[in-house]
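Residue-level listing of the chains:
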Amino acid sequence: MNMILLLNLFPNSRDGHWLSCRSLLMLLCAGLSLWVSGCQTESAETVQQTRQEATGQISSPPAATDVRPEFVDVWPEQKSDFVYRNGRDAEELAILETLGGGTAVFDYDRDGKLDLFYTGGGTFEEKTTRGYPSILLRHEGELKFKDRTTQAGMDLSAFYSNGCSAGDYDNDGFQDLIVTGYGGSILWRNMGDGTFEETSIEAGLRDCFWGSSAGWGDLNGDGLLDLYLAQYADWSFQNHPECHLTPGVPDVCSPHSFKGVRDLVFYNRGDGTFYDASDEAGLVPEGKGLGVIMADLDNDNDLDVYVCNDAVENFLYLNDGQGRLEEAGIINGAAVDDRATPNGSMGVDIMDYNRDGLLDLWVANYEKEAFALYRNDGDAQFLHVSNDTGVTSIGTLFVGFGTVCADFDLDGDEDVFVINGHVAYYSLNSPFRQKPLYLENRGGRFAQIQYDESSYLGQSHTGRGLALADFNDDGNLDLAVSNFSDPPAILKNTTQAEGNWIFVRLIGTRSNRDAVGARLVLHTSLGDQVRQVKGGGSYLSSGDLRVHWGIPEGVTVDGLSVYWPSGIRQEVKSLQLNATHLLEEPVSIGADLSSGNP
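These lines cover the structure that appears in this document, whether it is placed above or below. Remember, predicted model here, so these are calculated numbers, not experimental data.

### Structural notes on the state of the cysteines
By the definition in use, this model includes one disulfide. One disulfide in the model links Cys-243 with Cys-253; its S-S distance is 1.9 Å. Disulfide Cys-243 to Cys-253: torsion about the S-S bond roughly 90°, handedness right-handed. With a gap of 10 residues between them, Cys-243 in strand β14 (residues 243-246) and Cys-253 in the loop between β15 (249-251) and β16 (264-268) connect regions that are remote in the sequence.

And the structure:
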């Protein structure tokens, strides 16, 4: 790829000028990398596999099974009329209508059952925005949920809400909640008695322009959860153009009609307050952020950040261990697709799809774009491998949002679930309501599982937020879905899986209590399975903090290694199958435990 081609491919669309010298250098490096990988993909795969086998890092793929993942929507049993509303009936055709809402899974009252929170959205009145109430659902048992919004003191609709994320920012054992949206944020501090207190102003988190997804994680290594807040675009009623995505038909505008808004990072002072550390952390300008995930992507024992941006390059922030973030998306191969083109990226998750011990990035994208699988080749160097892994075979009609990677069928590898729905009301390319996607991992290649109309997965929806959970503690992973203008969904996993499972819940002491950033390696007779406790993920949502593994029938578990954010390594020699194990962070490095319940 020559310099002239790169210049033609990458003008700065935000201000119409050419890229800076630094950016051009980054793109030249990316172009060279793409050219080399494009010419030598098979050779690179062979070299990587040889290296992994020589070092013992690669695991044998689990045997293929004929188990078909099945899900049943139990939302109708809740007898709730709650719906996320986006204000379409006001006929403003604002881009704010397109984001939708999220959901958070957390045990807010610590009764051992996972509860649910859904954001409510908003509408438009006299050229201003107004919020609708969100809902807190307490799990009464057996997947029966009861509205406890008012009793918990959360019946506040201060602004048009979009996302939510749970995290124990004060390390008191009760998870708190941030709610994001247009015009501000709400921080709900969990009081530990079934109620919440709104503390965003006192905590220093109220002021933002348009927050989308949020992630909790300890970025500067002080044992306290910090907050990364992705922000979207500079839409307002003073910047509200009329658009026609379909000729002659008024519709919401595309993101190209707006400039991005810089993301925000807030560092935790430890006294219940935060300060804006965006400059200190080194955040770059603009971006149009929609999804964010926080994980240790280069295995150097600190939290990195990956941000999904809409129609501009995605961000990969690598942490120096002190909370200083260096943006390396282009150089490290995770900013654009395999044609060096930025995508409309929304949802994000991590998985070790090829079981080489390195966490890969999965990104749900816009129509006419392939969903992106970025393989981690070590040191957070990524290669776009959607074509090589069968991902592109699903086509390019889907507009993907919430997404999670997990072992839903207990066969020893991680599959992918995506919920979809268009942002344009009158698109000529694909329908407004769209079916969810289930992609089964078959030895490192993905195949779409088809469902008929009797299944929720065979029906079309307006999908946005998605969170992972196991509501009935049976080891089969369930899902919470946030749609807009349609009811939410609670998808109970009814798969008749033949395998076993293990859950681990970490409690940090020197590390943050939620243990975000911890890396867990389960040692089995089939090889190692790697997981992390992550911050953020999916889209506008947050899921169960417990770490889950599926164990195929006949496979034995030989132990567990836990690498805590504090630097402590913990070894667990034996773990009971089909059980949840609570592990508290030990006080000494290299702790050795004989069982999974200290």
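Read on for the rest.
### Observations concerning the sheet that holds strand β21 (residues 325-327)
The strand order across the open sheet formed by five strands is β21-β20-β19-β18-β36, and the pairing between neighbours is antiparallel. The strands lining the two open edges of the sheet, one partner per strand, are β21 and β36 (535-536). Pairing between strand β18 (residues 289-295) and β36: two bridges, direction antiparallel. Bridge pairing in β36 links Ile-293 to Gly-536.

### Let's talk about the side chain of Thr-462
As for its placement among the helices and strands, Thr-462 is situated in the loop between β29 (445-448) and β30 (463-469). Reaching out from Thr-462, the side chain makes a polar contact with the backbone oxygen of Phe-484 at a distance of 2.5 Å. In terms of polar contacts, Thr-462 uses its side chain to reach the side chain of Asp-486, at 3.2 Å. Ignoring anything within four residues of it in the chain, the contact list for Thr-462 reads Asn-420, Phe-432, Arg-433, Ser-482, Asn-483, Phe-484 and Asp-486.

### Regarding the layout of surface pockets
In this model, the second largest pocket occupies a volume close to 510 Å³. As for the second largest pocket, its lining consists of 22 residues, and the residues nearest its centre are Asp-107, Arg-505, Ile-507, Arg-546 and Leu-582. Those elements that provide at least two residues to the lining of the second largest pocket are β2 (103-106), β33 (500-507) and β40 (579-584). The residue makeup of the lining of the second largest pocket, split by class, is six nonpolar, six polar and 10 charged. Here the lining of the second largest pocket gathers at least three residues from each of two domains, domain 1 (71-501) and domain 2 (502-584).

### A word on the pairing of strand β10 (residues 186-190)
For β10, a buried count of four out of five residues is recorded, marking the element as mostly surrounded by other parts of the structure. Sheet analysis places strand β9 (residues 176-182) next to β10, joined by three bridges and oriented antiparallel. Opposite Ile-178, over in β10, you have Leu-187 as the bridge partner. Taking the residues that link successive antiparallel strands as the turn, the β9-β10 hairpin has three residues, and the phi of Gly-183 there is positive, at about 100°. With three bridges connecting them, β10 and strand β11 (residues 196-198) associate as antiparallel partners. Bridge pairing links Asn-190 to Phe-196 in β11. In this antiparallel pair of consecutive strands, β10 and β11, the connection spans five residues, and Gly-192 shows a positive phi of 85°.

### So, the packing of aromatic side chains
Going through the model one piece at a time under the given rule, you end up with 34 aromatic pairs. An angle of 55° between the planes, with centres 5.5 Å apart, marks the rings of Tyr-169 and Phe-274 as tilted. On the criterion of sequence distance, the pair formed by Tyr-169 in the loop between β8 (160-167) and β9 and Phe-274 in strand β17 (residues 274-276) is long-range, its members being 105 residues apart. Like Tyr-169, the residue Phe-274 is buried in the burial classification. Seen in terms of ring centroids, Trp-501 and Phe-503 are 5.8 Å apart; in terms of plane orientation they differ by 70°. Their pairing is edge-to-face. The same class applies to Trp-501 as to Phe-503, namely buried. Here a set of aromatic residues connected by ring pairs shows up, and it is made of Phe-124, Tyr-160, Tyr-182, Phe-209, Trp-210, Tyr-232, Trp-235 and Phe-237. Against the face of Tyr-132 rests Arg-85, its NZ or CZ located 3.5 Å from the ring centre. Above the plane of the ring of Phe-503 lies Arg-546, whose end atom (NZ or CZ) is 4.3 Å from the centre.

### Comments concerning the sheet that holds β40
In spatial order, the strands read β37-β33-β40; together these three strands make up an open sheet with mixed pairing. Edge positions in the open sheet fall to β37 (547-551) and β40, since each of these has one partner strand only. Adjacent strand axes in the sheet meet at a mean angle of 20°, parallel and antiparallel pairs treated alike. Where β33 and β40 come together, six bridges link them in parallel fashion. Bridge pairing links Ile-502 to Ala-579 in β40.

### Some points on the environment of Gly-101
Tracing the backbone through its elements, the reader meets Gly-101 in the loop between β1 (71-73) and β2. For the pair formed by Gly-101 and Gly-121, sequence separation is 20 residues and the distance between their alpha carbons is 6.4 Å. Aside from chain neighbours lying at most four places away, what touches Gly-101 is Tyr-84, Thr-119, Asn-162, Arg-464, Gly-465, Ser-482 and Leu-540.

### Concerning the environment of Glu-585
Mapped onto the elements of the fold, Glu-585 is located in the loop between β40 and β41 (591-593). Owing to a relative accessible area of 2%, Glu-585 belongs among the buried residues under this scheme. Separated by 16 residues in sequence, Glu-585 and Arg-569 place their C-alpha atoms 9.1 Å apart. In this structure, Glu-585 is in contact with Ile-507, Gly-508, Thr-509, Arg-510, Ser-511, Trp-564, Ser-566, Ile-568 and Gln-570, ignoring residues within four places of it in sequence.

### Comments concerning empty space enclosed by the protein
In total, this model carries five cavities of 30 Å³ or more according to the counting rule given. When residues of the lining of the largest cavity are traced back to their parent elements, those giving at least two are β8, β12 (211-217), β22 (345-351), β26 (400-406), β30, β35 (527-532), β36 and β37. Among the residues forming the lining of the largest cavity, the class breakdown is 20 nonpolar, 14 polar and 10 charged. Counting the residues that make up the lining of the largest cavity, at least three belong to each of domain 1 (71-501) and domain 2 (502-584).

Conventions we followed
- Residues numbered from 1 in each chain as written.
- Predicted model: local features only at pLDDT ≥ 70, side-chain atom pairs only at ≥ 80, totals over all residues.
- Heavy atoms only, no water.
- Disulfide = S-S within 2.5 Å.
- Helix = DSSP H or I, 4+ residues; strand = E, 2+ residues; numbered from the N terminus.
- Pairing = 2+ DSSP bridges.
- Polar contact = N/O pair within 3.5 Å; in protein donor to acceptor, adjacent residues only side chain to side chain.
- Contact = heavy atoms within 4.5 Å.
- 1 Å grid on protein atoms, 1.4 Å probe; cavity = no way out; pocket = protein on both sides within 12 Å on 5 of 7 lines; lining within 4 Å.
- Points joined across faces, edges and corners; volume = space filled by probe spheres on them.
- Nonpolar A, V, L, I, M, F, W, Y, C, P; charged D, E, K, R; others polar.
- Domains from an automatic or database assignment.
- Buried < 20%, exposed > 50% of the residue type's maximum accessible area, 1.4 Å probe, protein only.
- Phe/Tyr/Trp six-rings, centres within 6.5 Å; stacked < 30°, edge-to-face > 60°.
- Lys NZ or Arg CZ within 6 Å of the ring centre and 35° of its normal.
- Axes fitted to C-alpha atoms, helices over the stretch in contact; angles between N-to-C directions.

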